[in-house]
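# Reading the structure
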Amino acid sequence: MPTAPPTPRSTSPAPAATRPTSTTLSPPKPIIPTSAPSSSSSWPVPGGPLGTKPVVLHIGDPVRYNPETYTEFTTLFDVVRPDVHERQRPAFIQALRERRWGDFTAVFRPFWGTGGEMGHWDAELISLLPDSVKVFASAGTGFDWADTQLLGERGIVYCNGGLAAAEAVSDFAVAMIISTFRVLPYCITSASSSPDAFRECHASATAQSHNLRGRTLGLVGLGNIGQQIALKCSAAFGMDAAYYDVERKPAALEAKLGVRYCEGLEALARQSDCVVLCTPAGAGRLVNAESLAWFRPGARLVNVARGSLVDEEALANALEEGRISSVALDVHADEPNVHHRLRAFAGTRAMLTCHNAGGTVETHIGFEELAMRNIMAVLAGGQAITPVNSQWLKNKVAP
């Protein structure tokens, strides 16, 4: 079988600076640690076929926002970027089998919108990775598109972009929380419908609206995003924040954020006026018929995590029966399809958005920067900044 021509190296030229230049906005504060060694540091990882520098497999679009960091990155590494045709699953598998990209040491996916053309990183793909791979750094907060346990068992640390997205997702979550207390879908829809709808909403929305102060906010997950939601809602709106997580956070952090721990999801749901899902996928359907029965009558649900966490049929039942007063869902189980029974509540008791919570220019700037910093740190023999599979990781990335 004839082999494809070799993939060009360093095909992502250092771009011109394209960060936002609006004079009406302050520049984003730096959120990415820059503790990776400089280019003069020792880089113990062996290179690929050329034998000069470690090889990084870049999947997806060229780097766009961080030219200075990318210049440093390409000084340290030999970057190989397959084109979109090579990234289709059959072609990608063939290329891995042929060792077309040699003994690359890292996989780099700086954008969430591209670089996933090969599909789920399952045993089929992971088994074809060369033993030289030590780190997989990707944009995005969620990581259900890759078997992170299997990667860890192969000695590959997987790093997500959650730190870069936390600001945007938490801001969006706050807007969604407000929408559930102030019936914003109903108000917005009525204003654009007709004068009669406007007058009716003006008269009736008050009886359905509530202030946030003193209400209990129940956070499922207290990672970077959950922490920022808790801080913003308690500081700005006087909400009482509680949380449930598989691992309780240190007491000092709980005190700093002003949150209290609940022993389980049931305990959290029974005392919360609004439950917010901000935990990784993989825990199954946390919100289902059984758990919805634990919610307070008239409670609210916000989901900025993953649609797979919610049994949407059960949620539609709870809305129809009035047990749940309102919902705000940014993510859905069968994207881009929104459940037809939930769509029926759009404009009244449901705010439905299109997986937009993390989607800001600043987030994408951070995704790029964070992915490069993770790779530079790990391949220099240091610690990853945002590892998500440490519990399964073998001692492959140690210097």
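Since we're looking at a predicted model, the values are computed, not measured. (Residues numbered from 1 in each chain as written. Predicted model: local features only at pLDDT ≥ 70, side-chain atom pairs only at ≥ 80, totals over all residues. Heavy atoms only, no water.)

### Considering the overall build of the protein chain
For the protein chain, the count of helices and strands is 14 helices and twelve strands. Expressed as a percentage of contacts within the protein chain between residues at least 6 apart in sequence, the contacts between residues at least 24 apart total 74%. (Helix = DSSP H or I, 4+ residues; strand = E, 2+ residues; numbered from the N terminus. Contact = heavy atoms within 4.5 Å.)

### Some thoughts on the confidence of the model for the protein chain
The predicted model of the protein chain has a mean per-residue pLDDT of 89, with 86% of residues at 70 or higher. A low-confidence stretch, residues 1-6 (pLDDT under 50), is modelled with six contacts involving residues beyond four sequence positions or located in other chains. (pLDDT = per-residue confidence, 0-100.)

### Re the sheet that holds strand 10 (residues 299-303)
Pairing within the open sheet is parallel, and its seven strands lie in the order 8-7-6-9-10-11-12. Each edge of the open sheet carries a strand with a single partner, namely strand 8 (259-261) and strand 12 (350-352). The mean angle between the axes of side-by-side strands here comes to 20°, regardless of whether they run parallel or antiparallel. In the sheet, strand 11 (residues 324-329) pairs with strand 12 via three bridges, with the strands oriented parallel. Paired with A328 across the strands is M351, a residue of strand 12. Docked against the sheet, helix 8 (residues 224-237) engages strand 6 (216-220), strand 7 (240-244), strand 8 and strand 9 (274-277), running at close to 170° with respect to strand 6. (Pairing = 2+ DSSP bridges. Axes fitted to C-alpha atoms, helices over the stretch in contact; angles between N-to-C directions.)

### Here's the deal with the packing of helix 5 (residues 162-181) against helix 8
It is at 8 Å that the axes of helix 5 and helix 8 come closest, and there the two elements cross at 45°. Judged by the inter-axis angle, helix 5 sits oblique to helix 8. For the pair helix 5 and helix 8, the crossing hand works out as right-handed. Counted together, L163, A166, E167, V169, S170, D171, A173, V174, I177 and I178 of helix 5 and N224, I225, Q228, I229, K232, C233 and F237 of helix 8 form the full contact between these two elements. Partitioning the contact of helix 5 with helix 8 into residue classes produces eleven nonpolar, three polar and three charged. (Parallel < 35°, antiparallel > 145°, perpendicular 65-115°, else oblique. Left-handed = near helix turned anticlockwise from the far one by under 90°. Nonpolar A, V, L, I, M, F, W, Y, C, P; charged D, E, K, R; others polar.)

### Remarks on the nonpolar core
Counting 34 residues, the largest nonpolar core has I177, L217, L219, I229, V276, V302 and V304 as its most contacted members. Mapped by element, the contributors of at least two residues to this core are helix 5, strand 6, helix 8, strand 7, strand 8, strand 9 and helix 14 (361-379). When residues in this core are grouped by element, the largest group, nine residues, is from helix 5. Not counting residues up to four positions away in its chain, the partners in contact with I229 are S170, A173, I177, L217, L219, V276 and C278. L265, A269, A299 and A316 belong to the second-largest nonpolar core, a separate cluster that totals 29 residues. (Core = buried A, V, L, I, M, F, W, Y, C linked by side-chain atoms within 4.5 Å. Buried < 20%, exposed > 50% of the residue type's maximum accessible area, 1.4 Å probe, protein only.)

### Things to note about the sheet that holds strand 1 (residues 55-58)
One open sheet accounts for five strands, arranged 2-1-3-4-5; its pairing is parallel. The sheet is open, and its two borders are formed by strand 2 (78-80) and strand 5 (157-159), each paired with just one other strand. Each adjacent strand pair in this sheet contributes to an overall mean axis angle of 20°, direction not counted. One ladder, built from three bridges, connects strand 1 with strand 2; its direction is parallel. Within strand 2, the position partnered with V56 by the bridge is V79. Sitting on the sheet, helix 14 is in contact with strand 1, strand 3 (106-109), strand 4 (135-138) and strand 5, with an inclination near 170° to strand 3.

### With respect to the environment of P185
The topology assignment puts P185 in helix 6 (residues 184-191). Sequence separation between P185 and R349 is 164 residues, and the spatial gap between their C-alpha atoms is 6.5 Å. For P185, the residues in contact, after removing those within four places along its chain, are S179, G347, T348, A350 and M351.

### Focus: the side chain of N389
You can see N389 is positioned in the segment after helix 14. Those residues in contact with N389 that sit more than four places away from it in its chain are T148, L151, G152, I156, V157 and Y158.

### Comments concerning the side chain of E86
Residue placement: E86 occurs in the loop between strand 2 and helix 2 (89-98). Since its relative accessible area comes to 11%, E86 is described here as buried. Polar side-chain contacts of E86 include one of 3.0 Å to the side chain of R100. (Polar contact = N/O pair within 3.5 Å; in protein donor to acceptor, adjacent residues only side chain to side chain.)

### Observations concerning the pattern of salt bridges
If you walk through the whole model with that rule in mind, you get 23 salt bridges. Here R89 and D122 are joined by a salt bridge, their closest N and O atoms 2.9 Å apart. One end of the pair, R89, is in helix 2; the other, D122, is in the loop between strand 3 and helix 3 (123-126), with 33 residues separating them in the sequence. As a salt-bridge pair, D131 and R154 come within 3.5 Å of each other at their nearest N and O atoms. Of this pair, D131 sits in the loop between helix 3 and strand 4 while R154 sits in the loop between helix 4 (148-153) and strand 5, and the two are 23 residues apart along the sequence. (Salt bridge = Lys/Arg side-chain N within 4 Å of Asp/Glu carboxyl O.)

### Here we look at the environment of Y243
Counting through the fold element by element, Y243 comes out in strand 7. Overall, Y243 belongs to the buried group, its relative accessible area being 0%. Y243 has contacts with L219, L222, R248, K249, E254, V259, R260, Y261, C262 and L268, leaving out every residue within four places of it along the chain. Within the local environment of Y243, its side chain forms a polar contact with the side chain of E254, the two groups lying 2.6 Å apart.

### Things to note about unusual backbone geometry
Between E335 and P336 the backbone carries a cis peptide bond, its omega angle lying at 10°. Tracing the backbone through its elements, the reader meets P336 in the loop between strand 11 and helix 13 (340-343). At V183, a residue that is not glycine, the phi angle is positive and equals roughly 40°. Of note in the backbone geometry, H355 takes a positive phi value of approximately 55° without being a glycine. Note that H355 resides in the loop between strand 12 and helix 14. H355 sits in the partly exposed class, given a relative accessible area of 34%.

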